[in-house]
Protein chains: 2
Amino acid sequence: VVKVDMLVERTDVPPGMTYRQAARKAVAMCVSDFASKGVRPDSFLISLGLGKLAQEDARQLALGFADAEREWGIHLVGGDTNEADELVIDCAMFGFAEKIVTRKGASRGDTLVVTGPFGYTASGLKILFSGAKADASFAKAAKQSVLNPKPDLGVGLALAQYLTSAMDSSDGLARSLHTLARESQVGFEVTSLPIGPGVKKFATANGLSAEKLVLEGGEEYVIVGTVKPSKLASAAAAVRKAGGRLLDIGRVTSKRGKVELSSGGSKGPIEDEGWTHLR
Amino acid sequence: VVKVDMLVERTDVPPGMTYRQAARKAVAMCVSDFASKGVRPDSFLISLGLGKLAQEDARQLALGFADAEREWGIHLVGGDTNEADELVIDCAMFGFAEKIVTRKGASRGDTLVVTGPFGYTASGLKILFSGAKADASFAKAAKQSVLNPKPDLGVGLALAQYLTSAMDSSDGLARSLHTLARESQVGFEVTSLPIGPGVKKFATANGLSAEKLVLEGGEEYVIVGTVKPSKLASAAAAVRKAGGRLLDIGRVTSKRGKVELSSGGSKGPIEDEGWTHLR
């Protein structure tokens, strides 16, 4: 299995992110996609576009790639270096899988699952970009979710055999649900929003909508997928064994392309909002 | 075999190059490397960084990738699209080879060969960038060498089994010779510079050095390599059969890292000049 993913400074490197973190993140973006497809990554190549940078910045980039190698047991095997207006890191990743989980396999009655809570990255970006207020421990967790994203590789590999469809949430939960709904020609009823601890309090304190933070964030690198109800217990056990937690947040309906929230304050349609390039 | 190569607007897209040509060139850069290594390309992925562009520009990029697919019998199988300050096209290419030609295998007494004449791309850039004067047919050939580079894929695949070392000349002939010399721990004596027809006349008319145009150009996507003298005739025949021409331009010496010109106006050392990023 091969894939490419490009990190561009202006859209993917928020204030406060170091070169080392940016380099690691570029690899994390690929690892996350592989995790959600049940693909074990083996190696990667890096194409760099570099603006004027100090020798120390180059060293930090190298350290970030080394972090990624260690963290996910993968190898940087080649690449290309170029001059550019801004930092560009393109990662080409290679891996292996016995079966690839697609976006097309969800069917009516399947359970909708995610591998983690949502709302931290959107909160972290509000803190980093616009100085939103938060208590120290929430601020730290939210900022870390942005600066050091943790794709669920072990969880993804353990979960893959149970998934009927999946993708990672890099463009936000709402966007991911709409994409899965469209590709699988089904709908989703979300019965319980996976709101991360502290997100509601942060939202209230800053006059923000917790639901928007959960649904329209992005780059959580959490797996969003579907499993047969008869496999839910086994899937949850496999995820627990891999050190994670599987959240049941709803079910697949036959209403093609419709994503709806059936509980909580704002019952009704979930709009297809999230990150859009070149809008 | 896998490789990545990144095209960045500011350094790789000269004035006069269309989006369609830029897209094709990004793939040509990878095909050229594969050709010089005897690797048959199979498929590629494209990561795009796009500035604000018109719908027609996007269509031209797609046409350029389609040109590349047809020209080299390869398939675009995936990619990623991003927003960036300038056009960035990163190509990740996959292919197969029974044996890979490295940069390390040249040994004393081997014949130094190239698969085409030099001087056109440097002349073309002078015409495109600084309006250097040339007669119409030379100007056309020189500009085409820049805008529509022609990597020697068929020639490379036919030649590979005879090569003891090789690389493509994307950073210029002098730089390629120094790289091969360093990696093979040998030297080169260039007995005959591969000056393209018309290059001397163009150089004289514009007060330029023909030798510099030949040695310090770059992006010719010509193969620079070494063969055993006993295999030279077979190698030349194989190249002819593939529609190309093999030029014998010198020999490998035991003077580690030394590249020298032993005939013509400026006998003596050939400096390690050529394209350097981030100078």
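Cut-off values and rules
- Residues numbered from 1 in each chain as written.
- Chains lettered and ligands numbered in written order.
- Predicted model: local features only at pLDDT ≥ 70, side-chain atom pairs only at ≥ 80, totals over all residues.
- Heavy atoms only, no water.
- Helix = DSSP H or I, 4+ residues; strand = E, 2+ residues; numbered from the N terminus.
- Rg over C-alpha atoms; globule rule 2.2 N^0.38 Å.
- Contact = heavy atoms within 4.5 Å.
- Areas by Shrake-Rupley, 256 points an atom, 1.4 Å probe, with all protein chains shown as cover.
- Lys, Arg positive; Asp, Glu negative; His and termini not counted.
- Charge placed at Lys NZ, Arg CZ, Asp CG, Glu CD.
- Pairing = 2+ DSSP bridges.
- Axes fitted to C-alpha atoms, helices over the stretch in contact; angles between N-to-C directions.
- Least-squares fit on C-alpha atoms with pLDDT ≥ 70 in both.
- Buried area = accessible area lost by both parts, 1.4 Å probe.
- Salt bridge = Lys/Arg side-chain N within 4 Å of Asp/Glu carboxyl O.
- Polar contact = N/O pair within 3.5 Å; in protein donor to acceptor, adjacent residues only side chain to side chain.
- Left-handed = near helix turned anticlockwise from the far one by under 90°.
- Nonpolar A, V, L, I, M, F, W, Y, C, P; charged D, E, K, R; others polar.
- pLDDT = per-residue confidence, 0-100.

Caption draft 1: Molecular detail of the overall build of chain A. Scanning chain A for helices and strands turns up 10 helices and 11 strands. Rg of the C-alpha trace for chain A: 19 Å, near the compact-globule value of 19 Å for 279 residues, within the 12% margin. Counting only C-alpha atoms and orienting by the principal axes, one finds that chain A spans roughly 55 × 45 × 35 Å. Summarising the internal contacts of chain A: among those between residues at least 6 apart in sequence, 85% fall at separations of at least 24. Accessible area for chain A stands at about 11,900 Å²; split by element, carbon and sulfur atoms hold 51% of it. The average position of the 35 basic charges and that of the 32 acidic charges among the side chains of chain A differ by 7 Å.

Caption draft 2: Focus on the sheet that holds strand S10 (residues 259-261) of chain A. All names here are of chain A. An order of S6-S8-S5-S9-S7-S10-S11 is seen for the seven strands of this open sheet, with the pairing classed as mixed. For this open sheet the edge positions go to strand S6 (163-168) and strand S11 (268-269), each flanked by a neighbour on one side alone. For strand S5 (residues 111-114) and strand S8 (residues 223-227), the ladder comprises four bridges, and the chain directions are antiparallel. Pairing of Thr 111 across the sheet is with Val 227, part of S8. Across the sheet, helix H2 (residues 19-37) is in contact with S6 and S8; its angle to S6 comes to roughly 170 degrees.

Caption draft 3: Fine view of the relation of the copies chain B and chain A. Overlay of chain B on chain A (RMSD 0.0 Å): rotation 180 degrees, translation along the axis 0.0 Å. The two molecules are tied by a two-fold rotation axis, judged by turn and shift. Of all interface residues in chain B, 97% are interface residues in chain A too; the two copies therefore contact each other through one and the same surface.

Caption draft 4: Representation of the interface of chain B and chain A within the structure. In this complex, chain B contributes 31 residues to the contact, which on the side of chain A involves 30 residues. Interface area for chain B against chain A, summed over the two sides, is near 2,600 Å², with a carbon-plus-sulfur share of 59%. Linking chain B to chain A there are four salt bridges. Across the salt bridge formed by A:Arg10 and B:Glu83, the nearest N and O atoms sit 3.8 Å from each other. Taken together, chain B and chain A are joined by 10 residue pairs in polar contact (both at pLDDT 80 or more). Residue assignment for the side of chain B that touches chain A shows that the elements contributing at least two residues are strand S1 (2-8), helix H1 (9-12), strand S2 (40-50), strand S3 (75-83) and strand S4 (88-96) of chain B.

Caption draft 5: View of the packing of H2(A) against helix H3 (residues 55-72) of chain A. Residue and element names in this part refer to chain A. At their nearest, the axes of H2 and H3 sit 6 Å apart, and the two run at 35 degrees to each other. By crossing handedness, the relation of H2 to H3 is classed as right-handed. Taken together, the residues of H3 that come into contact with H2 (itself represented by Tyr 19, Arg 20, Ala 23, Arg 24, Val 27, Ala 28 and Val 31) are Asp 57, Gln 60, Leu 61, Leu 63, Gly 64, Phe 65, Asp 67, Ala 68, Arg 70, Glu 71 and Trp 72. Among the residues making up the contact of H2 with H3, the classes are represented as 10 nonpolar, two polar and six charged.

Caption draft 6: Structural context of the confidence of the model for chain A. Confidence in the prediction of chain A, expressed as mean pLDDT, is 95, and 98% of residues score 70 or more. Listed scores for the predicted complex are pTM 0.91 and ipTM 0.88.

Caption draft 7: Fine view of the pattern of salt bridges. Tallied over the full model, the rule gives 36 salt bridges over all chains. Taking the shortest distance from any N to any O, the salt bridge between A:Arg175 and A:Asp272 comes out at 2.7 Å. Taken as a pair, A:Arg175 in helix H7 (residues 173-184) and A:Asp272 in the segment after S11 lie far apart in primary sequence, 97 residues in all. Two residues, B:Glu183 and B:Lys104, come together in a salt bridge whose shortest N-O distance is 3.3 Å. You can see B:Glu183 sitting in helix H7 (residues 173-184) and its partner B:Lys104 sitting in the loop between S4 and strand S5 (111-114), a full 79 residues away along the chain. Each of A:Lys3, A:Asp5 and A:Asp33 takes part in salt bridges that share partners, so that together they form one network.

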